[in-house]
Amino acid sequence: MILAVELLRDLVRIPSPSGREDAVVARLEDEFRRLGWTPQRHGRNLTALLDGGPGPLLLLNSHTDTVPVGENWTKDPHAAQVENGRIYGRGANDAKGCLAAMILGAAQAFAKDAPKGRVLVAASCEEEVLGKGLEKLLPLLPRPDAAVVGEPTGLNPAVAQKGLIVLEIDASGRAAHAAHGGGVNAVEGAARDVLALSKLRFDKVHPALGAPTLNVTQISGGSSHNVIPDRCTLVVDIRTTPDYAPDEIVARVREAVEGSVRVRSSRLDSVATDPAHPVVQAALAANPAGKPYGSPTLSDWVFLKGVPTVKAGPGDSRRSHTPDEYLEVAELEAGVRFYEALIRNYFLKAAP
Ligand SMILES: [Zn+2]
């Protein structure tokens, strides 16, 4: 069987920013065939079904795309050089390492003493832009009984994930010449709204995620130093928990502010899995040192609402999207063992 290091280095050598995953998908298609699997292309998404006989269906998903290379690299972002036990390159950590470990872990689980059940491996595109990836793929697949989303978590199982709401709040006023006075200053209205939002509290504290957070992240208003502005717009980023319906949060904001509120996005819901569910227990049994936690960052898990899911994989999310991104060889190899054990444990726990 191909070494995990070689597979990951190959994947890192093929650039795959969101929307341009074709070449890396072709490389994975070859790999699936080499493993004896039957790859299926759905656009730039790729799947293969490993069938150990009747039993539950476990989805293993990670993504093929990366963020753009960006600046300040001291290594070649696509040379996949190995130095001091680290594999460097864009996507090494997020999430090609998870993908390589998942594929080879699944291959090992089915190479001998195959578990009784089915594993669907899905390499999806456009995760970094939450685009035409898993969300478009899922309706084409049989509904999984449980899922694992491969993201760098240090092999700790994320049992909950925050959602995202983006709002725009327009303060309106009446323009006038600044020298003459009069008019209604929209910037002042927006300022009152910023202060009102800073006092808004969400009392329900989720055991893994804490309370929702709200931040005003952008403000724009005014056109000239000598004109009382008639319009000022705030952008608000809200990270949600399962304790609040998105509508409830939007309603709280509407009550708190003077301006008119527009919902730019509220489709990315918070998700959570009962820590006692077999898929979480299987992840913990695969890495007894792992600590279940709540993840503040989005991933393709948002599209798996209603499917018991755990987010886990080798690497460290603090290295994602940074220059000189890397994954340690030891982390990668532990990842392969982790996914193999997770698969075996899941089918023992879900269908003993
Ligand atoms: Zn990722």
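Residues numbered from 1 in each chain as written. Predicted model: local features only at pLDDT ≥ 70, side-chain atom pairs only at ≥ 80, totals over all residues. Heavy atoms only, no water.

## Focus: the overall build of the protein chain
A tally of helices and strands in the protein chain yields eight helices and 18 strands. Expressed along its principal axes, the backbone C-alpha trace of the protein chain runs to roughly 85 × 45 × 35 Å. Every one of the 352 residues in the protein chain was classed for burial, and the buried ones make up 53%. When contacts within the protein chain are restricted to residue pairs at least 6 apart in sequence, those whose partners lie at least 24 apart make up 82%. Here the protein chain has roughly 15,300 Å² of accessible surface; of this, 51% comes from carbon and sulfur atoms. (Helix = DSSP H or I, 4+ residues; strand = E, 2+ residues; numbered from the N terminus. Buried < 20%, exposed > 50% of the residue type's maximum accessible area, 1.4 Å probe, protein only. Contact = heavy atoms within 4.5 Å. Areas by Shrake-Rupley, 256 points an atom, 1.4 Å probe, with all protein chains shown as cover.)

## Digging into the coordination of the zinc ion
At 1.9 to 2.6 Å from the zinc ion lie its protein donor atoms, namely H63 (NE2), D94 (OD), E151 (OE) and E151 (OE). Classification of the site at the zinc ion as irregular follows from its four donor atoms and the range of 53 to 142 degrees in their angles at the metal. All donors to the zinc ion come from one chain, and their sequence spacing reads H-x30-D-x56-E. Of the two residues, H63 is situated in strand 3 (residues 57-63) and D94 in helix 3 (residues 92-111); the sequence distance between them amounts to 31 residues. Taken individually, H63 and D94 each receive the classification buried, so the pair is uniform in this respect. (Donors = N, O, S within 2.8 Å, 3.2 Å for Na, K, Ca; no water. Tetrahedral: all angles 85-135°; square planar, octahedral: opposite > 155°, others 65-115°.)

## Side note on the sheet that holds strand 18 (residues 326-328)
Spatial strand order, 4-5-18: three strands in an open sheet with antiparallel pairing. Each end of this open sheet is capped by a strand with a single partner; those strands are strand 4 (82-83) and strand 18. Where strand 5 (residues 86-88) and strand 18 come together, three bridges link them in antiparallel fashion. Within the sheet, the bridge partner assigned to Y88 lies in strand 18 and is Y326. Where helix 1 (residues 4-13) meets the sheet, it contacts strand 4, strand 5 and strand 18, and its direction lies at approximately 20 degrees from that of strand 5. Here helix 3 sits on the sheet and contacts strand 5 and strand 18; the angle it forms with strand 18, its principal contact strand, is near 45 degrees. (Pairing = 2+ DSSP bridges. Axes fitted to C-alpha atoms, helices over the stretch in contact; angles between N-to-C directions.)

## Examining the side chain of D170
Its location among the elements puts D170 in strand 9 (residues 163-172). Among the polar contacts listed, one links the side chain of D170 to the side chain of R262, at a separation of 2.6 Å. Excluding residues within four positions of it along the chain, D170 makes contact with R231, C232, T233, G259, S260 and R262. (Polar contact = N/O pair within 3.5 Å; in protein donor to acceptor, adjacent residues only side chain to side chain.)

## Let's talk about the packing of aromatic side chains
Per the stated rule, a full pass over the model turns up five aromatic pairs. Judged by centre distance (5.6 Å) and plane angle (55 degrees), the ring pair of Y88 and Y326 falls under tilted. Taken as a pair, Y88 in strand 5 and Y326 in strand 18 lie far apart in primary sequence, 238 residues in all. Judged by centre distance (5.4 Å) and plane angle (65 degrees), the rings of F338 and Y339 are edge-to-face. Considered together, F338 and Y339 belong to a single accessibility category, that of buried residues. K75 extends its terminal NZ or CZ atom over the ring of Y88, reaching a point 4.7 Å from the ring centre. The lysine or arginine in question, R86, covers the ring of Y326, its NZ or CZ lying 4.0 Å from the ring centre. (Phe/Tyr/Trp six-rings, centres within 6.5 Å; stacked < 30°, edge-to-face > 60°. Lys NZ or Arg CZ within 6 Å of the ring centre and 35° of its normal.)

## Considering the nonpolar core
A general tendency of soluble globular proteins is for nonpolar side chains to be buried together. W37, L58, V119, V148, L332 and I343 are the most contacted members of the largest nonpolar core, which totals 56 residues. If you tally residues by element for this core, the top one is helix 3, at 13 residues. Residues in contact with I343, not counting those within four places in the same chain, are L58, L60, G105, A106, A109, F110, P115 and V119. Membership of the second largest hydrophobic core comes to 22 residues, among which are L137, L164, W301 and F303. (Core = buried A, V, L, I, M, F, W, Y, C linked by side-chain atoms within 4.5 Å.)

## Description of the layout of surface pockets
Approximately 310 Å³ is the volume found for the largest pocket. Around the largest pocket sit 16 residues that line it, and E151, T297, L298, K311 and S317 are the ones nearest its centre. A breakdown of the residues in the lining of the largest pocket according to their chemical character gives five nonpolar, six polar and five charged. (1 Å grid on protein atoms, 1.4 Å probe; cavity = no way out; pocket = protein on both sides within 12 Å on 5 of 7 lines; lining within 4 Å. Points joined across faces, edges and corners; volume = space filled by probe spheres on them. Nonpolar A, V, L, I, M, F, W, Y, C, P; charged D, E, K, R; others polar.)

## Some words on the domain arrangement of the protein chain
Entries for the protein chain in the domain assignment read domain 1 (4-161 + 270-350) and domain 2 (167-266). On a C-alpha basis, the centroid separation for the pair domain 1 and domain 2 is 37 Å. The partner domain 2 presents seven residues to the 11 residues of domain 1 that form the contact. Between domain 1 and domain 2, roughly 490 Å² of surface is buried when both sides are summed, and carbon and sulfur atoms account for 65% of that area. Run the count over domain 1 and domain 2 and you get zero salt bridges. (Domains from an automatic or database assignment. Buried area = accessible area lost by both parts, 1.4 Å probe. Salt bridge = Lys/Arg side-chain N within 4 Å of Asp/Glu carboxyl O.)

## Concerning the pattern of salt bridges
By the definition in use, this model includes 23 salt bridges. Here R264 and E168 are joined by a salt bridge, their closest N and O atoms 2.6 Å apart. Of this pair, R264 sits in strand 14 (residues 260-268) while E168 sits in strand 9, placing them 96 residues apart in sequence. R264 gets classed as partly exposed once you look at its relative accessible area, which sits at 48%. One network of salt bridges, in which partners are shared, links D10, R13, R27, E31 and R34.

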